[in-house]
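A structural walkthrough
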Amino acid sequence: MSVRTEEAAIRPFTIPVTPEAEIEALRARIAATRWPDKETVPDHSQGVQLATIQELARYWATDYDWRRCEAKLHALPHFMTEIDGLDVHFIHVRSDHEDALPIILTHGWPGSVIELLKIIDPLTNPTAHGGSPSDAFDVVIPSIPGHGFSAKPRDTGWGPDHVAGAWLELIKRLGYTHFVSQGGDWGAVVTDLMAAQAPPELLGMHTNMPGVIPPDVAQALPIPGQLAPGGPPPSGMSSDEKRAFEQISTFYTSGAGYAVEMTTQPQTMYGVADSPVGLAAWMINHDAYSYREIAHAFEGQPVGELTRDEILDNITLYWLTNTGVSSGRFYWDNKFGFFDAKNVSIPAAVSVFPGEIYQTPRSWADQSYHNLIYYNELDKGGHFAAWEQPQLFSEEVRAAFRPLR
């Protein structure tokens, strides 16, 4: 569809078909990998284990089929629109049900629109997945600039607050007068910041990685990447709050090295752009729970619905679009605490998955989201919940926004 001015036109976009020569070149690069020595510990504490990445590389070079993912992408309606001088790619699927609620879903890193594909049909066609017609959504899934098929910023300033404003402009261009927003990982930060801006069109938000750390707790935590621990937790914490404090402390001291590198010097990651195996290792080392899931998938024991093919779909998209470094600049442009409270007053919903980096206490959610309309703790699922548990995740999104319909 087109909108009021030529400058704001929305253009249909066709996912390019990758030349066979490019796929063969990828396989050749994988096969030519120079491997390091095996880690000197029996676990993941030194990073991605040699056996795991070698099995990923073997499968990627010999058995994996990118054409299957291409066909899946080609089956969906894709569009481009220029916002603030940058082409933004997005998927837009309208529901056949009347009064469907528009929702914008934002991926994170090292994710892409691929991590959200399995929830499109449950949200737009809920009657086929155990829901009712009144649960239907019109789904909009953009690619963050520097990721996937969106253009790569050539200037600084495209942080999550800028993206939040761009998403609002996108929704308006689509002709929607109201909508809701959902996000995890970077998508959660974008969603929080959009909610803090409180545009009148935004009815409410849902997050599966809540930004809830109170200021006094944030001051006691270690600096991400700092090897030494931070200070003691503030006095008077409940057991749930202490658990969250310890989980965040552990992540900051031993799990956030990738974030430190991309926050400080993302341009240094030339190996990520040059080596497909280097890119894959960099991407699967996000958090301990997700790494274990990915390792299990390549051992033939997938957890939930996250398969080795889907993991490689996402990595291959990064490789083919050469977005390993450009996506890292999103960290450099960010000026906000990953998990800090953002002072959100619009209706907000929180889903707490047990494999997330930290389990959000209800008390912190109440303090951070001043109009908390939904809070639920799940018994399975992790950081990439929509990817791993799409049915459960879709049910959470439906339940979260029912009060706003």
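Above this text you will find the structure in question.
Residues numbered from 1 in each chain as written. Predicted model: local features only at pLDDT ≥ 70, side-chain atom pairs only at ≥ 80, totals over all residues. Heavy atoms only, no water.

Focus: the side chain of S351
Worth spelling out the cut-off: Numbering of helices and strands starts at the N terminus; helices are DSSP runs of H or I of at least 4 residues and strands are runs of E of at least 2. The rule is simple: take the accessible area with a 1.4 Å probe, protein chains only, and divide by the maximum for that residue type; under 20% is buried, over 50% is exposed, in between is partly exposed. The definition of a polar contact used here is a pair of N or O atoms within 3.5 Å, where within protein one atom must be able to donate a hydrogen and the other to accept one, and adjacent residues in sequence count solely through side-chain atom pairs. Between two residues, a contact is recorded if the distance between any of their heavy atoms is within 4.5 Å.
Assignment of secondary structure puts S351 in strand β8 (residues 344-352). Look at S351 and you get buried, because its relative accessible area is 0%. Among the polar contacts listed, one links the side chain of S351 to the side chain of E396, at a separation of 2.6 Å. Setting aside residues no more than four positions away along its own chain, S351 makes contact with H206, T207, N208, Y374, N376, L378 and E396.

Focus: helix α2 (residues 50-62)
Formally: Helix span, expected: 1.5 Å multiplied by one less than the number of residues in the helix.
With 13 residues, α2 extends 18 Å from end C-alpha to end C-alpha; this agrees with the ideal 18 Å at 1.5 Å per step. Listing the buried residues of α2 in full gives L50, T52, I53, L56, A57, Y59, W60 and A61. Contacts from the buried residues of α2 go to α1 (20-31), α11 (276-284), α12 (288-298) and α13 (308-321).

Points about the pairing of β8
To keep it simple, the criterion reads: Between any two strands, pairing holds if DSSP finds at least two bridges.
The buried count for β8 comes to eight of nine residues, which makes it a mostly enclosed element. Two elements, strand β7 (residues 202-207) and β8, share three bridges in a ladder whose sense is parallel. Bridge pairing in β8 places M205 opposite A348. Pairing analysis gives seven bridges linking β8 to strand β9 (residues 369-377), with the strands arranged parallel. When the sheet's bridge partners are listed, V344 is paired in β9 with Y369.

Things to note about the packing of aromatic side chains
We apply this condition: Think of it this way: a Phe, Tyr or Trp ring, Trp meaning its six-membered ring, pairs with another when their centres are within 6.5 Å, and the plane angle makes it stacked under 30 degrees, edge-to-face over 60, tilted otherwise.
Applying the stated criterion across every chain, the model contains 18 aromatic pairs. Each ring, one from Y59 and one from F298, has its centre 6.4 Å from the other, and the planes form 75°; the classification is edge-to-face. You can see Y59 sitting in helix α2 and its partner F298 sitting in helix α12, a full 239 residues away along the chain. For the pair shown, Y59 and F298 are each scored as buried. Between W186 and Y331, the ring centres sit 4.8 Å apart and the planes meet at 75°, which makes this aromatic pair edge-to-face. Highlighted residues: W186 in helix α6 (residues 186-197) and Y331 in helix α14 (residues 324-333), separated in sequence by 145 residues. Of the two residues, W186 and Y331, both sit in the buried class.

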